[in-house]
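Chain and residue survey
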Amino acid sequence: MVILQLAVIFVFLAAGELIVWATGVPVPSSIIGMLLLTLSLQTGIVKPRHVEGVADFLVANLGFFFVPAGVALMSCLDLIKGQWVAIVLSAGLSTVIVIAVTGLIHQFARRRVHGHGVSGK
């Protein structure tokens, strides 16, 4: 069963690779594959039981996948030491911007769903 669930995930990854190769769109193929999988789950083409075992395992071990990036980052400590202020400021500012934009989009979407239009009245 695990092999079939992995196969479903890899089919969507391959579809993302194919789309990037065919169109040259500057989006990572894994993101396109994930969007395709999400769309397939939302439309019922793929049932959650087809991927949930492997997905649960991957999410539970997500931190493990950041180890290589962390090790690579440690090899750049001299560069980071010279730019830490800019890194911290840009990370903080981008976090605030993402939170604000997400909140505004959420408010806009709730108004539209509840029939209050854009003005909220």
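Throughout what follows, the structure given in this document is the object of discussion. Worth saying up front: this structure is predicted, and the values here are computed from it rather than measured.

For Ile 99, the position within the fold is in helix 5 (residues 77–113). Residues Ile 99 and His 114 lie 15 residues apart in sequence; the distance between their C-alpha atoms is 22 Å.

Within the fold, Ser 29 resides in helix 2 (residues 29–43). Within the structure, the side chain of Ser 29 is placed 2.8 Å from the side chain of Glu 17, a separation counted as a polar contact.

Right, let's get into a nonpolar patch on the surface. A cluster of nonpolar residues, Phe 57, Leu 58, Leu 62, Phe 64, Phe 65, Phe 66, Val 67 and Val 71, forms a patch on the protein surface that exposes about 830 Å² of accessible area. Listed by contribution, the elements that provide at least two residues to the nonpolar patch are helix 3 (52–60) and helix 4 (67–74). Following the sequence through the fold, Val 71 ends up in helix 4.

The contact between helix 1 (residues 2–23) and helix 3 brings their axes to 8 Å, and the two run at 80 degrees. Comparing the axis directions of helix 1 and helix 3 gives the class roughly perpendicular. Seen from helix 1, the contacting residues are Val 2, Gln 5, Leu 6 and Ile 9; seen from helix 3, they are Glu 52, Gly 53 and Val 54. Here the residues of the contact of helix 1 with helix 3 are counted per class, giving 4 nonpolar, 2 polar and 1 charged.

The rules behind these values
Residues numbered from 1 in each chain as written. Predicted model: local features only at pLDDT ≥ 70, side-chain atom pairs only at ≥ 80, totals over all residues. Heavy atoms only, no water. Helix = DSSP H or I, 4+ residues; strand = E, 2+ residues; numbered from the N terminus. Polar contact = N/O pair within 3.5 Å; in protein donor to acceptor, adjacent residues only side chain to side chain. Patch = residues over 30% accessible without salt bridge, like charges linked within 9 Å, V, L, I, M, F, W, Y side chains within 5 Å. Areas by Shrake-Rupley, 256 points an atom, 1.4 Å probe, with all protein chains shown as cover. Salt bridge = Lys/Arg side-chain N within 4 Å of Asp/Glu carboxyl O. Axes fitted to C-alpha atoms, helices over the stretch in contact; angles between N-to-C directions. Parallel < 35°, antiparallel > 145°, perpendicular 65-115°, else oblique. Contact = heavy atoms within 4.5 Å. Nonpolar A, V, L, I, M, F, W, Y, C, P; charged D, E, K, R; others polar.

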